[in-house]
Amino acid sequence: MTRIRLNADGTRTLLSWSHFGVGDPDEALRKTVEALEESNAKARAEWDSLSQQEQQRRIAEFEADR
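Residues numbered from 1 in each chain as written. Predicted model: local features only at pLDDT ≥ 70, side-chain atom pairs only at ≥ 80, totals over all residues. Heavy atoms only, no water.

Here we look at the overall build of the protein chain
Rules: Working definition: helices are DSSP H or I runs of at least four residues, strands are E runs of at least two. Numbering for both runs from the N terminus. We take the radius of gyration over the C-alpha atoms and set the globule estimate at 2.2 Å times the residue count to the 0.38 power. Only protein chains enter the accessibility calculation, which uses a 1.4 Å probe; a residue whose area is less than 20% of its type maximum is buried, one above 50% is exposed, and one in between is partly exposed. We get accessible surface area from the Shrake-Rupley algorithm with a probe of 1.4 Å; when it comes to residues, only the shown protein chains can shield them. Under the counting rule used here, the positive set is Lys and Arg, the negative set is Asp and Glu, and His together with the chain ends is not counted. Taken as the charge centre is NZ of Lys, CZ of Arg, CG of Asp or CD of Glu, depending on the residue.
Helix and strand counts for the protein chain stand at two helices and two strands. In the protein chain, the succession of helices and strands from N to C terminus is β-β-α-α. In terms of overall dimensions, the protein chain is more spread out than a globule: its C-alpha atoms have a radius of gyration of 15 Å, far above the 11 Å expected for 66 residues. Once the C-alpha set of the protein chain is aligned to its principal axes, its extents read approximately 45 × 25 × 10 Å. With 66 residues in all, the protein chain has 14% of them scored as buried. Put simply, the protein chain shows about 5000 Å² of open surface, and 50% of that area lies on carbon and sulfur atoms. Averaging the positions of the 10 positive and the 13 negative side-chain charges in the protein chain gives two centres separated by 2 Å.

Focus: the pattern of salt bridges
We apply this condition: Throughout this description, the term salt bridge denotes a Lys or Arg side-chain nitrogen within 4 Å of a carboxyl oxygen of Asp or Glu.
This model, assessed by the stated rule, comprises seven salt bridges. Where Arg30 meets Glu34, a salt bridge forms, and the shortest distance between an N and an O atom there is 2.8 Å. Of this pair, Arg30 and Glu34 both sit in helix 1 (residues 25–49), separated by four residues, roughly a single helical turn. For Arg30, a relative accessible area of 38% puts it in the partly exposed group. Residues Arg57 and Glu54 are paired through a salt bridge, measuring 2.6 Å at the closest nitrogen-oxygen approach. Of the two residues, Arg57 and Glu54 both sit in helix 2 (residues 52–65), three residues apart, roughly one turn of that helix. Classification of Arg57 by relative accessible area gives partly exposed; the value is 41%. Here Glu54 falls in the partly exposed class, since its relative accessible area comes to 22%. Among the charged side chains, a salt-bridge network with shared partners connects Glu46, Glu54, Arg57, Arg58 and Glu61.

Pasting the structure below:
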């Protein structure tokens with residue numbers, strides 16, 4: 001089972017990964033990590049464009065929803 005955690009800044013962290021399928025597991029993991037890195041780069045760019053106040057608001061909202 002693959003587990004991914006969403007972070008307050010919109011990035012995602014791969015907590016665990018499993019491959020139960022056909023094909024090369026190393027290639028499947030590489031593709032999973034590549035997709036996460038691309039998504040995280042976009043999330044970080046958006047996060048960095050926010051004001052400090054907006055970042056703090058989103059962090060508080062994220063923590064309240066957990």
